[in-house]
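Secondary and tertiary structure notes
As a plain string of letters, each chain reads:
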Amino acid sequence: MALEHALLVSLSERAGSGYELARRFDKSIGYFWSATHQQIYRVLKRMEEAGWVTVESVTQHGKPDKKVYSVAAPGHAELARWIAQPTDAVPARDELGVKIRGAAHGDIEAVCAEVARHRTQHAERLDEFRLSEKKFFPVPDQLSGTALHQYLVLRAGIRAESGYVEWCDEVLQALRPRKGEHRP
């Protein structure tokens, strides 16, 4: 996936300025695709040059004019083309998995500390996802359209983070010596 496609999805849901898009990335799409504010602005310029988005200049009192981006017809066509393409089902890299696999050749306590750090990060994200679920989707069986699609992605995130936290717990339990046990 290119950043362009993530931006097209976000702009299809709601037009916005580069700043607003960056904030949306920080709070929603960014959980699935990360980008710096500078990357977002560069890509928006490319998308405008390609005709995928249109820009409206909005006057603000006491501030510079704001550029509000919307998806143009060619952008909708590109998004539809991309959505129809097959997606890689399995991530190609998992550095933590490789470290765990090689733990016997290094410092197991350091590996455990890294697993614990990952567990904490995933548990925090899981808590954020669950709060979002309660706040934005209190009655999920009544959802349709874009709201349903957003909810389904959020549910995938909840399941993935929950599974990752459980896996980290399993790894830590297996790697850490039990009381009275000594491991080489």
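Data block above holds the structure.
Residues numbered from 1 in each chain as written. Predicted model: local features only at pLDDT ≥ 70, side-chain atom pairs only at ≥ 80, totals over all residues. Heavy atoms only, no water.

1. Topic: the packing of aromatic side chains
Tallying each qualifying case throughout the model produces two aromatic pairs. With a centroid separation of 5.3 Å and an interplanar angle of 70°, the aromatic rings of tyrosine 164 and tryptophan 167 are classed as edge-to-face. Of this pair, tyrosine 164 and tryptophan 167 both sit in helix H7 (residues 145-175), separated by three residues, roughly a single helical turn. For tryptophan 167, a relative accessible area of 29% puts it in the partly exposed group. (Phe/Tyr/Trp six-rings, centres within 6.5 Å; stacked < 30°, edge-to-face > 60°. Helix = DSSP H or I, 4+ residues; strand = E, 2+ residues; numbered from the N terminus. Buried < 20%, exposed > 50% of the residue type's maximum accessible area, 1.4 Å probe, protein only.)

2. Thoughts on the side chain of histidine 5
Here histidine 5 shows up in helix H1 (residues 3-13). Overall, histidine 5 belongs to the buried group, its relative accessible area being 7%. A distance of 2.7 Å separates a polar atom in the side chain of histidine 5 from a polar atom in the side chain of glutamate 78. When sequence neighbours within four positions are dropped, the list of residues in contact with histidine 5 reads Glu78, Leu79, Arg81 and Trp82. (Polar contact = N/O pair within 3.5 Å; in protein donor to acceptor, adjacent residues only side chain to side chain. Contact = heavy atoms within 4.5 Å.)

3. Focus on H7
Across its 31 residues, H7 extends 45 Å between first and last C-alpha, which sits within 8% of the 45 Å expected from 1.5 Å per residue. Turning to H7, the residues buried within the fold contact helix H5 (95-101) and helix H6 (108-136). (Expected span 1.5 Å × (residues − 1).)

4. A look at the packing of H6 against H7
Viewed as axis vectors pointing N to C, H6 and H7 meet at an angle of 155°, and their least axial separation amounts to 8 Å. Looking at the two axes, H6 sits roughly antiparallel to H7. When the axes of H6 and H7 are compared, the crossing they make is left-handed. Partitioned by chemical class, the residues of the contact of H6 with H7 number 17 nonpolar, five polar and seven charged. (Axes fitted to C-alpha atoms, helices over the stretch in contact; angles between N-to-C directions. Parallel < 35°, antiparallel > 145°, perpendicular 65-115°, else oblique. Left-handed = near helix turned anticlockwise from the far one by under 90°. Nonpolar A, V, L, I, M, F, W, Y, C, P; charged D, E, K, R; others polar.)

5. Structural notes on the pattern of salt bridges
Under the counting rule described, the total for this entry stands at eight salt bridges. Put simply, arginine 117 and glutamate 114 hold a salt bridge, and the shortest N to O gap is 2.7 Å. In this pair, arginine 117 and glutamate 114 both sit in helix H6, three residues apart, roughly one turn of the helix. Residue arginine 155 is joined to glutamate 133 by a salt bridge in which the shortest nitrogen-to-oxygen separation is 3.2 Å. Highlighted residues: arginine 155 in helix H7 and glutamate 133 in helix H6, separated in sequence by 22 residues. (Salt bridge = Lys/Arg side-chain N within 4 Å of Asp/Glu carboxyl O.)

6. Digging into the nonpolar core
Membership of the largest hydrophobic core comes to 18 residues, with the highest contact counts inside it found for Leu7, Leu11, Phe25, Ile40 and Leu44. A total of five residues in this core trace back to one element, the largest contributor, which is H1. Contact partners of leucine 11, with chain neighbours within four places excluded, come to Gly16, Leu21, Arg24, Leu44, Val53, Tyr69 and Val71. Judged by nonpolar contacts, the second largest core, of 11 residues, contains Ile100, Cys168, Val171 and Leu172. (Core = buried A, V, L, I, M, F, W, Y, C linked by side-chain atoms within 4.5 Å.)

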